[in-house]
Structures are given as structure tokens and as C-alpha cells.
Amino acid sequence: MSKTLTGIAASAGIAIAKAFRYEEPDLTVEKKTDVDVKSEIQTFDAALEKSRAELEDIKTKTMESMGEEHAEIFSAHLLVLRDPEFVDAIRQKVQDDAVNASFALDELTTQFVTMFESMDNEYMRERAADIRDVSKRLLSHLLGKPIVSLAELNEEVIIVGEDLTPSDTAQLNKEFVKGFVTNIGGRTSHSAIMARSLEIPAVVGTKTVTSDTAQHATVIIDGISGTVIIDPSPEELKEYEEKHKQYEEQKKEWAKLKNEPSVSKDGTHVELVANIGTPEDLVGVHDNGAEGVGLYRTEFLYMGRDDFPTEEEQYEAYKKVVESLDGKPVVIRTLDIGGDKELSYLDLPEEMNPFLGFRAIRLCLEMTDMFRTQLRALLRASAFGNLKIMFPMIATLQEFREAKALLEEEKQKLISEGVEVSEELEVGIMVEIPSTAVMAPQFAKEVDFFSIGTNDLIQYTMAADRMNERVSYLYQPYSPAILNLVKMVIDASHKEGKWTGMCGEMAGDEVAIPLLFGLGLDEFSMSATSVLPARSQLLQLTKEEAAQVAEQALTLQTAEEVQDLVEKKFL
Ligand SMILES: C=C(OP(=O)(O)O)C(=O)O
Ligand SMILES: [Mg+2]
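Rules of the game
- Residues numbered from 1 in each chain as written.
- Chains lettered and ligands numbered in written order.
- Predicted model: local features only at pLDDT ≥ 70, side-chain atom pairs only at ≥ 80, totals over all residues.
- Helix = DSSP H or I, 4+ residues; strand = E, 2+ residues; numbered from the N terminus.
- Rg over C-alpha atoms; globule rule 2.2 N^0.38 Å.
- Contact = placed C-beta atoms within 7 Å.
- Expected span 1.5 Å × (residues − 1).
- Pairing = 2+ DSSP bridges.
- Axes fitted to C-alpha atoms, helices over the stretch in contact; angles between N-to-C directions.
- Parallel < 35°, antiparallel > 145°, perpendicular 65-115°, else oblique.
- Left-handed = near helix turned anticlockwise from the far one by under 90°.

Novice: Quick one: what's the story with the overall build of the chain, residue by residue and with numbers?
Specialist: Helices and strands together make up the secondary structure of the chain, namely 23 helices and 16 strands. Computed over the C-alpha atoms, the radius of gyration of the chain is 25 Å, within 12% of the 25 Å expected from 2.2 N^0.38 for a compact globule of 571 residues. Expressed along its principal axes, the backbone C-alpha trace of the chain runs to roughly 85 × 70 × 40 Å. A fraction of 70% describes how many contacts in the chain between residues 6 or more apart in sequence connect residues 24 or more apart.

Novice: So what's going on with helix 12 (residues 311-324)? Which residues, and what values?
Specialist: Two residues of an α-helix separated by three or four positions point the same way, owing to the 3.6 residues in each turn. Here helix 12 contains 14 residues, and its C-alpha end-to-end distance of 20 Å stays within 8% of the 20 Å for a straight helix at 1.5 Å per residue. Structurally, helix 12 contributes buried residues whose contacts are with helix 10 (282-287), strand 10 (293-297), helix 11 (299-302), strand 11 (329-333), helix 14 (368-381) and strand 12 (386-391). Just past helix 12, the residue D326 takes up positive phi, approximately 50°.

Novice: Pulling in residues and values, what's your account of the sheet that holds strand 5 (residues 177-182)?
Specialist: Taken in spatial order, the eight strands make up an open sheet running 1-8-7-3-4-5-6-2, and their pairing is mixed. The outermost strands of the open sheet, each flanked by one partner alone, are strand 1 (3-6) and strand 2 (8-11). In this sheet, adjacent strand axes meet at a mean angle of 30° when their direction is disregarded. Across two bridges, strand 5 lies against strand 6 (residues 202-204) in parallel orientation. Residue pairing for strand 6: F180 is matched across the bridge by A202. Together, strand 2, strand 5 and strand 6 form the strand contacts of helix 7 (residues 190-198), whose direction differs from that of strand 2 by roughly 45°. The strands that helix 9 (residues 234-255) touches are strand 3 (14-22), strand 7 (218-222) and strand 8 (227-230); relative to strand 3, the one it contacts most, it runs at about 115°.

Novice: Now, about the environment of D163: what can you tell me, with residues and values included?
Specialist: Relative to the helices and strands, D163 resides in the loop between strand 4 (157-161) and helix 6 (166-170). Residues D163 and I184 lie 21 residues apart in sequence; the distance between their C-alpha atoms is 5.8 Å. Dropping the residues within four chain positions of it, D163 is found in contact with T182, N183, I184 and G185.

Novice: So what's going on with the packing of helix 22 (residues 543-554) against helix 23 (residues 559-570)? Which residues, and what values?
Specialist: Direction vectors running N to C along helix 22 and helix 23 enclose 160°, while the axes themselves pass 10 Å from each other. Taken together, the axes of helix 22 and helix 23 are roughly antiparallel relative to one another. You can see that helix 22 and helix 23 cross each other, and the crossing is right-handed. On the side of helix 22, the interface is formed by V549, Q552 and A553, while helix 23 contributes V562, L565, V566 and K569.

Dropping the structure here:
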């Protein structure tokens, strides 16, 4: 019998494949004494060799599918495996205490990790994370419970897991991973956002998919409606194969608009641009005919590695993106780490409320060396095209002024060093904290542009964690509360002759688009795959009608009423 689950539609498309259950095996170790020392050491050496071969293979595959940047972490892991201080110490312990290799490994891992973590040396502290990872791999071989890395998958699957972290998602090879489905998460959790940039269907927040799905069971995921079917009947299979075909047809229709302008029926132009996480996403930007990049989330440049990227590495990445867009606008956001985005090498104390904590601009204004490095890289890259800089999570004018002052300082330094910097560099902010939306008239006098980050603006306005599927009913982009905040920001910017964009997921939502168009939003930045459907939708709208509906929506009482209104009028 088939089983149907409903989750949150996170990335559009239909996928049908075998389930691959992604879970960490139980690697609990038991102590054994009086073992045959020679055979334990042989077992250990075999595990070393297997781990080495495995890591070499993962590294090569990651390099091919995701680029050098993502593969670097595996080089660090290979170094640990080759480190005689670590591996000899394990052999020695087996020999001296006549204990099993897995126990010796476990004990020494704890010792090394504790030692490295307590060192007053950043580099050494970072090694602790590598040792932990490598030790897990070795242990998995010693215990005969291999860990499969997502980068190693080599047959078509749908990943079924509790959750995927952004760095898990960064390893996905879309040749084999046809989609994923998870127990937790929301439409704006970063794994969902990455699924959209990879263009693989995904459903998140199903609560129970891991317990409902056997390894290798056939699974259908419908990333348009959020439906998941496990062990489908032949009829269901047929139905979804048909839906898959229809979706592919629809995509072909949209593709015809790739080189068309983004205009409404009555000729009003808006900018339809894309959100990206890495320079690799540029392919999607061009394939989907985006008119620029409205949000480059630079934090992904800092992930999946074991140290901060250098100024030169960042400069190369930013320059590549700016040049590739060939004069079209590229809004690059400074580091927005924190919340669900962590850096293994940035050891920050645990917080009760990470989304309300020490993150993004707050962290950058304290760790100014790191921030200045990024600003310099951005300023240097600005000479190569139409780059705009955007600060995330701005809550007060003071923060904006401080960040802007640091930028100015670095700019003057570069100029005095004879380095070219764009004369027309615009500097704007994300509006994702309610206080900033309310203060938009004051901000508008000082910033060059706003970009509304509704993923966070909604979570902070409704006090509902964007990652938590139990409160996902409060993630209400169509709520009149949100629409009124959006209107305040747009009006404030226009009054000062500035522009407003939106880079939260709401900008690509078919119910929201007519409302935002009606409210006068200038730039819509979305997953690249949403650009063509949005362009097609815009062609059906007139400015006057959209403005009337938006005006009415602002006065309604609930998000449902707003949705009904838009659906009746436009969908
Ligand atoms: C675009 C946004 O930023 P992020 O999703 O990276 O937090 C947002 O908050 O809407
Ligand atoms: Mg945000």
C-alpha cells in the first residue's frame, strides 16, 4: 500500500526514484581487552587504507561536480589520515594496552580534539574539527558501518533525511540526486533555497518521512504541491509520470521568454533578477534569462572549508560573477553568517536563540579584520562591472553608518594605493528586521537602495522560526501585516528617489507577484528557476489592476482573504 505525506513545497518539479536514507550510523564503541594486537593493527591499517581511498574519490568527485573550493575540506581530511602523530599514537595504544583499535581510536580522538580545541591558535583549533570527521570515517570502517557521503552517490536517488545542512546540500551531485525530502525545515531554510538553485525538486517539513520510508523504496516527490508518495501504486506512478511530462512541457514554454524583457501587459518594466550562492550558480542565471543578480549570498564562499577565504579568493569569485553579468546589476551581500548558517572554523559560543543572536552585520562590526578583507575584495571587484554592496540584518541607522564608514575607509586606502574602484558603487541594505521597515523613511535618506528580505522579515514580524515546521503556518507572506511593511519601505524609497527590491522567497511567489507589482516594487530577486514563470505571469498583468488589488489587500484582515482575492483576480 502506498503512503502519502504532505510537506512544504521547497523546490518545484517532480521526481521519481529510489529512496536513499541519509542518516548517521550508530558509532558507539565498546572496550575490548586482551585482544590479538597484531590482528587489531592489521584491521586498523585496512580501515586507514579504505578511508584514504574513499576520501581521494570524494575529493575528485566534489572537484568535478562542485569545484575546487568545495573539495578543499577533503584535502585537509587526507592530511589527518597521513599524520604519523595521530595514526602512530593509535597503533601504539593498541600495542601497549592490548585494546581493540576502535577503542584506541576513540580515546585518542577525544584526547587530540580536547588538546587542539584548548590551544590558543586558531589554525590548531580548526584541526580539531577535521580530526573528529576523519575519526568518524575510520571508526565507521572499523565497526563495519560505512558512512556514505552524499558526494559519493552514483545511482539515481531521492534523499530521505531528518534534515540536510547547507554543507550537505553543497555536496549534492544533481546527476544522481533527483530530489530530497526531509522531516524538518521550511521553504526558506537554506537547504530549500539551495535545492532551488540546484534545480532539484524538494519537499521539506514532512515530520515523518524518515520513519515512513524504507531504504530503496520507490518515492515520488512533487515539489510544486509538497506531496510525497512512498511505494506508489502503478496508477499513482502513471499519474506522476504524466505530471512530470507536463511540467517539462511547461518549462519549454517558459524558456521561450528567456531573451524577452520583463514587462507587464501595459508595458511597465520591472527587473527580474536571480539569487545566487556561488559563482557556479551563474549557469542558472544565464539559462533562465535573469536580468542580473539581486542577491549573492557570499556566506557560501566561507563554508565547506577550514579557514576564512583570503581577500584574493574572494576578489576572484566576486569578479567572476560581476564580469559574467557583463554590466547588468549584481548585488553582493556581505557575510551573513549565523542562524542556520554556521562556519566550522568560527568557534562561537552556543546561543539560546541563534536567529536573534550574534550574526551577520553584528558579527562583522565586531570582527572588523574579517569584514575589511571582504570589503576590500568587493571594492576591487567593483571596477569590473555593475556591482552593488548590500549589508544584511541592519537593525539601526548606527549599524549602517558604521558599516558604511568601514567601507569608505577601505575605499580611500585602495584609491591611495592606486587600485581602481568603481565610481558608481551603490550601497544598500537588506530590510529584514521590522524596526528597519518602520524606520525606512530615515534610512532612505542615507542608503542607495533597499532589498526586502522577507524570509527573515516574516519570521521576525510573526515571531515564528523559519526553520520550524510546527510554526510554519505563521510564515504568512500574504498577511496584511507584511504587505503594509513592504508598502512602507517601497514608498519611503521612492520618496527619496531610491529603489526597492525584494530578495526573500516571496519575490518569486505567484500569489505575491501581482501584489508586489501593484505596490510598486522595482526589482524582484528570486531563485533563478522562478524567473521565467514570473516573466510569463507579469505579461498577463496591468499596473492599474495590480495596484487596485494591492490597495484592497492592504485593508483585508487575514492572509487567506488576501490569497483568495489574488487567486480570483489573477490566477
Ligand atoms: C533573502 C534573505 O536572506 P537569507 O534567506 O539569506 O536569510 C531573507 O532573509 O529574506
Ligand atoms: Mg535574511
